[in-house]
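Analysis of the macromolecular model
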Amino acid sequence: MLHTIFYVIIFLLALVISNIINKVFPKLALPLIQVVIGLCLGFLGASKLLQVDPEFFLGFIIAPLLFRESEEADVKHIFKHTRTILMLIFPLVFITTIGLGYLTHFFYLSVPLAACFALGASLAPTDAIAVAALSERFSFPKRVMSILTGEGLLNDASGIISFQIAVLALVTGEFSLTHASADLVVSAIGGALVGFILVWMKSFILRILEDVDARDVTGYLILELMLPLSAFLIADMLEVSGIIAVVVAGVMQANGLKRTTLFDAKSQK
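Cut-offs used in this document
For every chain, the first residue of its written sequence is number 1, and the numbers climb from 1 along that sequence. It should be noted that, the model being predicted, local features are given only for residues of pLDDT at least 70 and side-chain atom pairs only at 80 or more, the latter also being counted only at that level, while totals for whole chains, interfaces and linings use all residues. Only hydrogens and water are removed before side-chain values are computed, so all heavy atoms of the structure are retained for them. Here a strand is any run of E in DSSP of at least two residues, a helix any run of H or I of at least four, and the numbering for each starts at the N terminus. Here, Shrake-Rupley sampling with a 1.4 Å probe gives the accessible areas, and only protein chains in the shown set may cover a residue. Think of a nonpolar core as a cluster: buried Ala, Val, Leu, Ile, Met, Phe, Trp, Tyr and Cys residues, connected wherever their side-chain atoms sit within 4.5 Å. Note on classification: 1.4 Å probe, protein chains only; a residue is buried when its accessible area is under 20% of the maximum for its type, exposed when over 50%, partly exposed between these limits. When checking whether two residues touch, look at their non-hydrogen atoms; a contact exists if any pair is within 4.5 Å. Aromatic rings from Phe, Tyr and Trp, taking only the six-membered ring of Trp, are treated as a pair when their centres fall within 6.5 Å; an angle between ring planes under 30 degrees marks them as stacked, one over 60 as edge-to-face, and anything in between as tilted. Exposure above 30% relative accessible area and the lack of any salt bridge qualify a residue for a patch; like charges then connect within 9 Å, and the nonpolar side chains Val, Leu, Ile, Met, Phe, Trp and Tyr within 5 Å. Salt bridge criterion: a side-chain nitrogen from Lys or Arg within 4 Å of a carboxyl oxygen from Asp or Glu. Here the axes come from fitting lines to C-alpha atoms, over the contacting stretch only for helices, and the angles between their N-to-C directions go from 0 to 180 degrees. Put simply, angles under 35 degrees are roughly parallel, angles over 145 are roughly antiparallel, angles from 65 to 115 are roughly perpendicular, and the rest are oblique. By definition, any crossing whose near helix is turned counterclockwise from its far helix by less than a right angle is left-handed, and any crossing with a clockwise turn is right-handed. Under the scheme applied, nonpolar residues are Ala, Val, Leu, Ile, Met, Phe, Trp, Tyr, Cys and Pro; charged residues are Asp, Glu, Lys and Arg; polar residues are all the others, including Gly.

1. Re the overall build of the protein
When its secondary structure is counted, the protein shows 13 helices and zero strands. The linear arrangement of helices and strands in the protein, starting from the amino end, is α-α-α-α-α-α-α-α-α-α-α-α-α. Of the roughly 17,100 Å² of accessible surface on the protein, 72% is carried by carbon and sulfur atoms.

Next up, the structure:
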């Protein structure tokens, strides 16, 4: 237990140092600095001493971050370019995955093709954080930023699904394009439904509390904290996309899509 606390402190100090370096050298992107520091910690043996389960990382770190980014996104402008964003999320990610997979297999014939596809799937999606970092240094047209933001929020789902399909093919030795496509559609739609239903349930609970005059800011904030975690957990239990569930929940919570009440204003102070 003490060792875990020690390494958590080390990682927090690394975050502080990365912010200081970014302030001293503002031309260096903060995510790049943090990646370099993370690599240094990994080479020093931190990865062997502190093991983090991938599901824990997705649920407690990636999910809340994506939920917050979805809440703050300009959802109305993103919806205007839905067709372009969907083309970038699904066909482009899969084409990139396949292309990188075959290219890797061409240079490393000893590596199974399914493993190469898994590598391609992990590299194919663009990073929403990288897009945010670039937007701070360069001025992009509103249309381009809306497309990049929407694509960055959702492409993690297509990348993770591609990765899971590749790993399943590697483990079982079987691959069916029809089955994989069906799994993708079910996973995406199922995740979206989970996110939508949870936000509806939260709104229903808040309406009941308002009717009985039992509104509580602390309880509201706890529900807000639970929402992305619950969306990811339930979607994972139903074997659908937890990332899409979290993003849809965040989008439904966006201020541009709901009526802001006095209670909402108090809870956001």
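Additional details are given in the paragraphs that follow.
2. Some words on the nonpolar core
Counting 32 residues, the largest nonpolar core has Leu66, Val194, Leu227, Val246 and Val247 as its most contacted members. The set of elements that each furnish at least two residues to this core consists of α4 (54-72), α5 (75-80), α6 (82-107), α9 (142-172), α10 (177-211), α11 (217-237) and α12 (242-253). Ranked by the residues each element gives to this core, the list is headed by α12, at eight residues. Not counting chain neighbours up to four residues away, the residues in contact with Val247 comprise Leu66, Ser70, Leu153 and Leu154.

3. Thoughts on the packing of aromatic side chains
Under the defined criterion, the tally for this structure stands at three aromatic pairs. Ring centres 5.3 Å apart and planes at 85 degrees place the aromatic pair Tyr102 and Phe117 in the edge-to-face group. With Tyr102 in helix α6 and Phe117 in helix α7 (residues 113-123), this residue pair connects regions lying 15 residues apart in the sequence. When its relative accessible area of 49% is taken as the criterion, Tyr102 is described as partly exposed. Note on Trp200 and Phe204: the rings are 5.5 Å apart at their centroids and 10 degrees apart in plane angle, and the pair reads as stacked. In this pair, Trp200 and Phe204 are both assigned in helix α10, four residues apart and thus about one turn of the helix distant. Given a relative accessible area of 48%, Trp200 falls into the partly exposed group. Judged by its relative accessible area of 38%, Phe204 is partly exposed.

4. A look at a nonpolar patch on the surface
Together, Val185, Ile189, Leu193, Phe196, Ile197, Trp200, Met201, Phe204, Ile205, Ile208 and Val212 make up an exposed nonpolar region whose accessible area comes to about 1,000 Å². Its place among the elements puts Val185 in helix α10.

5. So, the packing of α6 against α7
For the pair α6 and α7, interaxial distance at closest approach is 7 Å and the crossing angle is 130 degrees. Compared by their axis directions, α6 and α7 come out oblique. Once α6 is placed against α7, the crossing between them reads as right-handed. In this structure, α6 uses Thr97, Ile98, Leu100, Gly101, Tyr102, Thr104 and His105 to contact α7, whose residues at the interface are Leu113, Cys116, Phe117, Leu119, Gly120, Ala121 and Leu123. Taken together, the residues of the contact of α6 with α7 break down into nine nonpolar, five polar and no charged.

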